[in-house]
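Chain by chain, the residues run as shown.
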Amino acid sequence: MSVHTLRIDEKDVSARAGQTILEAASENGISIPTLCHLEGLSNVGACRLCLVEVAVVGGGTRLAAACVTAAAEEMVIQTDTDRLREYRKMIVELLFAERNHVCSVCVANNHCELQEMAVSQGVDHVRYDYLEPRCDVDLSHPRFGLDHNRCILCTRCVRACDEVEGAHTWDVSGRGTLSRVVTDLNAPWGASETCTSCGKCVMACPTGALFHQSSTVSEMIHERTRLSFLVDAREKKQWHA
Amino acid sequence: MDLHFQGPEASAEERAAVDGVLRDQPAHRDLLLPALHAAQDRFGWVTPGALDYICRRLSVPPAEAHGVVTFYHLLSLEPMPAAMTHVCDDIACRVQGAERLCDELARRLGPEGEGGWKRSPCLGLCERAPAAVVIRAGAAPSAFAVAPASAEAIATEPEEDFTAFRRSVPREGGRLLHRIGRVDPSSLSGYLESGGYAGLRRAIEIGPAAVIGEVSASKLMGRGGAAFPTGRKWEAVARASARPHYVICNADESEPGTFKDRVLMEGDPFAVVEGMTIAGLATGSERGFLYIRGEYPLALRRMAAAIESARAGGWLGRDLQGSGLSFDIEIRRGAGAYICGEETALFNSIEGKRGEPRNKPPFPSEAGVFGKPTLVNNVETLVNIPLILRLGGEAYAKIGTSASTGPKLFCVSGHVERPGVYEVDFGATLGELIAMAGGVTGGRRLRAVLLGGAAGVFVGPDQLAMPLTFEGTRAAAATLGSGVILAFDDSTDLGDILLRIAAFFRDESCGQCVPCRVGTVRQAELLHRLRSGCLIGDLATELALLREIGQVMRDASICGLGQTASSAVESALTALELLAGPEPRS
Ligand SMILES: Cc1cc2nc3c(=O)[nH]c(=O)nc-3n(C[C@H](O)[C@H](O)[C@H](O)COP(=O)(O)O)c2cc1C
Ligand code: SF4
Ligand code: SF4
Ligand code: SF4
Ligand code: FES
Ligand code: FES
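Residues numbered from 1 in each chain as written. Chains lettered and ligands numbered in written order. Predicted model: local features only at pLDDT ≥ 70, side-chain atom pairs only at ≥ 80, totals over all residues.

Some words on the overall build of chain B
Then, number 1: Assigned secondary structure in chain B consists of 22 helices and 13 strands.
Then, number 2: Relative to the compact-globule value of 25 Å for 586 residues, chain B shows a C-alpha radius of gyration of 23 Å, a close match.
Then, number 3: The principal-axis extents of the C-alpha atoms in chain B amount to approximately 70 × 65 × 45 Å.
Then, number 4: The buried share of chain B, reckoned over its 586 residues, is 57%.
Then, number 5: Of the contacts made within chain B by residues no fewer than 6 positions apart, 71% connect residues no fewer than 24 positions apart. (Helix = DSSP H or I, 4+ residues; strand = E, 2+ residues; numbered from the N terminus. Rg over C-alpha atoms; globule rule 2.2 N^0.38 Å. Buried ≥ 20, exposed ≤ 12 C-beta atoms within 10 Å, placed from the backbone. Contact = placed C-beta atoms within 7 Å.)

Comments concerning the overall build of chain A
Then, number 1: Helix and strand counts for chain A stand at 6 helices and 10 strands.
Then, number 2: Across the 241 residues that make up chain A, the buried fraction comes to 46%.
Then, number 3: Counted over contacts in chain A with a minimum sequence separation of 6, partners at least 24 positions apart contribute 64%.

Remarks on the domain arrangement of chain B
All names here are of chain B.
Then, number 1: Here the domain parsing of chain B yields domain 1 (12–71), domain 2 (83–150), domain 3 (188–397), domain 4 (407–488) and domain 5 (494–574).
Then, number 2: Look at where the C-alpha atoms of domain 1 and domain 3 centre, and you get two points 28 Å apart.
Then, number 3: When residues of the side of domain 1 that touches domain 3 are traced back to their parent elements, those giving at least two are helix H2 (32–43) and helix H4 (62–71).
Then, number 4: For the side of domain 1 that touches domain 3, the residue count by class is 5 nonpolar, 2 polar and 2 charged. (Domains from an automatic or database assignment. Nonpolar A, V, L, I, M, F, W, Y, C, P; charged D, E, K, R; others polar.)

Focus on the sheet that holds strand S7 (residues 144–147) of chain A
Residue and element names in this part refer to chain A.
Then, number 1: In space, the 3 strands of this open sheet follow the order S6-S7-S10, with antiparallel pairing throughout. Each edge of the sheet is formed by a strand with only one pairing partner; in this case those strands are strand S6 (137–138) and strand S10 (210–212).
Then, number 2: Two elements, S6 and S7, share 2 bridges in a ladder whose sense is antiparallel. Counted as the bridge partner of Val-137 is Asp-147 from S7. (Pairing = 2+ DSSP bridges.)

A closer look at the interface of chain A and chain B
Then, number 1: Taken together, the 37 residues of chain A in the interface contact 33 residues of chain B.
Then, number 2: Listed by contribution, the elements that provide at least two residues to the side of chain A that touches chain B are strand S4 (61–65), helix H2 (82–98), strand S8 (170–173) and strand S9 (180–183) of chain A.
Then, number 3: The dominant element in the side of chain A that touches chain B, judged by the number of residues it contributes, is H2 of chain A, at 6 residues.
Then, number 4: Residue composition of the side of chain A that touches chain B, by class: 18 nonpolar, 12 polar and 7 charged.

Brief notes about the pairing of strand S10 (residues 420–425) of chain B
Residue and element names in this part refer to chain B.
Then, number 1: Bridge count for strand S9 (residues 407–414) against S10 is 6 bridges, and the pairing is antiparallel. In the strand pairing of S10, Pro-407 is matched with Asp-425.
Then, number 2: As consecutive antiparallel partners, S9 and S10 are separated by 5 residues.

Examining the nonpolar core
Then, number 1: Counting residues in each nonpolar core, the largest one holds 262 residues, and the members touching the most others are Ile-91 of chain A together with Val-272, Leu-433 and Ile-485 of chain B.
Then, number 2: Ranked by residue count, the leading element in this core is helix H11 (residues 269–283) of chain B, at 9 residues.
Then, number 3: Each residue touching Val-272 of chain B, except ones within four places of it in the same chain, is listed here: Cys-249, Leu-264, Met-265, Met-303, Val-379, Leu-382 and Val-383 of chain B. (Core = buried A, V, L, I, M, F, W, Y, C linked by C-beta atoms within 7 Å.)

Some thoughts on the domain arrangement of chain A
Then, number 1: In terms of domains, chain A is made up of domain 1 (3–80) and domain 2 (100–236).
Then, number 2: Between domain 1 of chain A and domain 2 of chain A, the residue contacts involve 12 residues of the former and 16 residues of the latter.

Details of the packing of helix H10 (residues 260–267) of chain B against helix H12 (residues 297–312) of chain B
All names here are of chain B.
Then, number 1: One can describe the packing of H10 onto H12 by two numbers: an axis separation of 8 Å at closest approach and a directional angle of 40 degrees. Viewed along their axes, H10 and H12 adopt a mutual orientation that is oblique. H10 and H12 meet at a crossing whose hand is left-handed. Contact residues: Arg-262, Met-265 and Glu-266 in H10; Leu-298, Ala-299, Arg-302 and Met-303 in H12.
Then, number 2: Tallied by class, the residues present in the contact of H10 with H12 amount to 4 nonpolar, no polar and 3 charged. (Axes fitted to C-alpha atoms, helices over the stretch in contact; angles between N-to-C directions. Parallel < 35°, antiparallel > 145°, perpendicular 65-115°, else oblique. Left-handed = near helix turned anticlockwise from the far one by under 90°.)

Structural notes on the confidence of the model for chain B
All names here are of chain B.
Then, number 1: The predicted model of chain B averages 95 in pLDDT, with 97% of residues at 70 or higher.
Then, number 2: Long-range and interchain partners of residues 580–586, a stretch whose pLDDT sits below 50, account for 14 contacts in this model, where long-range means more than four residues apart.
Then, number 3: Confidence metrics for the complex model read pTM 0.95 and ipTM 0.92. (pLDDT = per-residue confidence, 0-100.)

Considering the site of ligand 3
Then, number 1: Inspection of the region around ligand 3 gives 14 residues, with Cys-151, Cys-154, Cys-157, Cys-205 and Ala-209 of chain A positioned closest.
Then, number 2: Residue composition of the shell around ligand 3, by class: 11 nonpolar, 2 polar and 1 charged. (Near = placed C-beta within 6 Å.)

Describing the environment of Ala-39 of chain B
Residues and elements named next belong to chain B.
Then, number 1: Along the polypeptide, Ala-39 turns up in helix H2.
Then, number 2: Residue class for Ala-39 comes out buried when judged on the 26 C-beta atoms lying within 10 Å of it.
Then, number 3: Setting aside anything within four residues of it in sequence, one finds Ala-39 in contact with Ala-17, Val-18, Val-46, Thr-47 and Ala-50.

Re the site of ligand 2
Residues and elements named next belong to chain A.
Then, number 1: Around ligand 2 lies a shell of 13 residues, among which Cys-161, Thr-169, Cys-195, Cys-198 and Cys-201 are the nearest.
Then, number 2: Mapped onto the shell around ligand 2, the elements with two or more residues apiece are helix H4 (156–165) and helix H5 (200–204).
Then, number 3: Looking at which element gives the most residues to the shell around ligand 2, the answer is H4, with 3 residues.
Then, number 4: The residue makeup of the shell around ligand 2, split by class, is 7 nonpolar, 4 polar and 2 charged.

Quick look at H4 of chain B
Then, number 1: Of all 10 residues in H4 of chain B, 10 are buried; the element is thus mostly enclosed.
Then, number 2: Buried within H4 of chain B are the following residues: Pro-62, Ala-63, Glu-64, Ala-65, His-66, Gly-67, Val-68, Val-69, Thr-70 and Phe-71 of chain B.
Then, number 3: Contacts made by the buried residues of H4 of chain B are with S8 and S9 of chain A together with H2 and helix H3 (48–58) of chain B.

So, the sheet that holds strand S1 (residues 3–8) of chain A
All names here are of chain A.
Then, number 1: Spatial ordering of the open sheet is given by S2-S1-S5-S3-S4, a layout of 5 strands whose pairing is mixed. This sheet does not close on itself; its edge strands, each paired only once, are strand S2 (11–16) and S4. Taking the axes of each pair of neighbouring strands and ignoring which way they run, one obtains an average angle of 35 degrees across the sheet.

A short note on helix H6 (residues 98–109) of chain B
For an α-helix, the turn length of 3.6 residues means that residues three or four places apart are oriented alike.
All names here are of chain B.
Then, number 1: For H6, spanning 12 residues, the distance from its first C-alpha to its last is 16 Å, which sits close to the expected 16 Å at 1.5 Å a residue.
Then, number 2: Along H6, the residues that are buried comprise Ala-98, Leu-101 and Leu-105. For H6, the angular spread of the buried residues around the axis is 55 degrees, confining them to a single face. Those residues of H6 that are exposed and angled more than 90 degrees off the buried face are Arg-100, Asp-103 and Arg-107. (Expected span 1.5 Å × (residues − 1). Arc of directions from axis to C-beta.)

Looking at the pairing of strand S3 (residues 51–55) of chain A
Residues and elements named next belong to chain A.
Then, number 1: In the sheet, S3 pairs with S4 via 5 bridges, with the strands oriented antiparallel. Residue Ala-55 lies in a different strand from S4, and its bridge partner there is Thr-61.
Then, number 2: Pairing of S3 with strand S5 (residues 76–78), which is carried by 2 bridges, proceeds in the antiparallel orientation. For Glu-53, the partnering residue across the bridge sits in S5 and is Gln-78.

Here it is in structure tokens:
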């Protein structure tokens, strides 16, 4: 049996074996908020925004991250309950106050997935003091820049660089809230010997953490769809659109 | 992948240190952590030359290696003094003067880090608090625990005498602790003469299916904290079609207040080996890993020696005891990360990656270490196995209560007269255990007990009649966790203990998922605000926010760390009606 039937938000949908809840939902026109997920990359289930409620036999529901949970036969899923909306709001709020997000002066203003998420989830104020950790900006690369102040540690850059470009220039160092993305052995990006300057990490970044140096705010569009095109092209060995 | 490297050429010394563990084996990625340990042990830090050489030999991208080194607290990328004393300032040690010890070390040796000492979360020596572990790098590296520790005592390596165990096991233990202090832990013949390997002999005789039958009949539940039926796990791994299968003994024991696994490994290491071997035969695994926390030098030495003797005696390796079956054990040393006790983080750590938990499913029995079906059991769980085979599963199930069978080890520490590991049959109450440990120190009044460790809950003195069984603790909305009973008398500054617990989770969060990474920081920060009285808004708003953070961590986090990070705090607010500030002193 390679097709499952399940219910998402009171709608009967089918999913192919191996598909995630997120994929099954989106093929059926049901959108679930995501941030660490990016089409074409592996999933890590880190941001927890895609949490959905899955009915449990015997009553009640459990929470599952839609991007990493396989769709299964007879699953009954809710993607937009009060409880989920509450958690999503809290997660966005936690993210906003973790580092220094001042949208009005950010290169990604109006092209930022975190900002969009805040709007779509109705986060209009943040109840925490900003933690204001010490965060550096790395402008050593001739074309790109990294601003840790805007990084949400979604690891999309890490995965894009490793899985698509095959360079593995990025990784996460440290742990907990002291985690930072690093290039190579934490050398300045410009000194990296593994970076091919392909720009895929910049394309993958959902916020203003990675950017094209010369870009003015309005040019700062991440062309994320291009990344999935690249993945697609690699898999199908077709390099024209 | 095309790998590019940078940085200085490795010196002959650096290469030798790394080659010592890699030898001429083909580059196995999973040797990354052992190789990093080798550099750390030799130089006191992971030097750039050594790191570069390791990356080359194992084909690991530099960014990834950097990520791995910085994940573990016992590894350093900065030059450090060759001798480092790790001083526990965690819960049990705090109430026995850990802060005073840290102050004194700062005065005598200089500031934390460059002074050759460092604060550490629980070192698993709580019964002899305050505790320290000294790690000396060099051509002949050494490591030893000093407990109780003092500024003078940390200068010399204490004698290791296996008969001096009363400080850790104050009372005779009938079934699990019977060899501790009586049988030489380095002697295979001593083990055999005291009934050792009878369980494995019987396992070989009756075969895997019957062994699993016995374990299921025993109704043994895992002792690592999650209380999962052991028989069900074994069966799932045995049945899994993918090959090979692996067995892992989880000896990471880092839950604050827990030290039973250390006592078992130090005092009866062959029993751990025997339990693992039976698990290997039953689940069709030929390779086992013992993942032991990096702060357990004596347990590591005793386990390594026992594995070697067992191998030499034909109890490990190919065709063991002429049975035609093979099983062997490899030791993997942790490097300072509580999260690596979580089973899927442990897999990543063994594979040489950052110790980040994985999303489940898939469960370990389907896809565990190296993506293969894997059995993970706690040390104490495995030590019960030979006993089950000797007694028979049904007879074992008659010990304890009907839902909590067998003997159980409890780690009693804090303000009690005789802290240590206590063995009882399931069913004893909290009050009985505290009485066994001689009651509250100096006859003071009991203020609170932390059950189950930092991930557990506080209960008040009104709960002494609670039976310490899975069902009894559940009924009281408490938890058995890893068997921690940490007692606090009425002079304890519980607000300070709560801050330490919150700091523990903040420091140990792997940082992968948002609710836990940021939530643990916010929880710690809020507790500081409540304690200092510098509130934002009124108290009710602050408490509501604290509860909300707790809720999102519990429900939305990937793993048990985030899910339990607010448990002790919440229980302190409700069960102990603790708000803020020091308790009134009596
Ligand atoms: C944060 C965290 C830390 C853990 N640490 C340990 C540990 O140190 N030792 C252990 O046996 N289990 C630990 N566990 C539980 C393991 O994930 C796993 O359930 C256990 O090893 C299974 O063995 P058992 O069935 O014999 O109890 C931990 C779990 C979590 C979430
Ligand atoms: S530009 Fe390309 S190679 Fe360089 S870090 Fe970004 S993704 Fe990796
Ligand atoms: S730099 Fe961008 S893509 Fe990379 S982890 Fe940070 S926010 Fe995500
Ligand atoms: S809950 Fe905490 S420790 Fe567990 S995966 Fe998430 S961040 Fe890591
Ligand atoms: S999109 Fe699923 S957890 Fe981030
Ligand atoms: S050793 Fe210090 S609290 Fe456990």
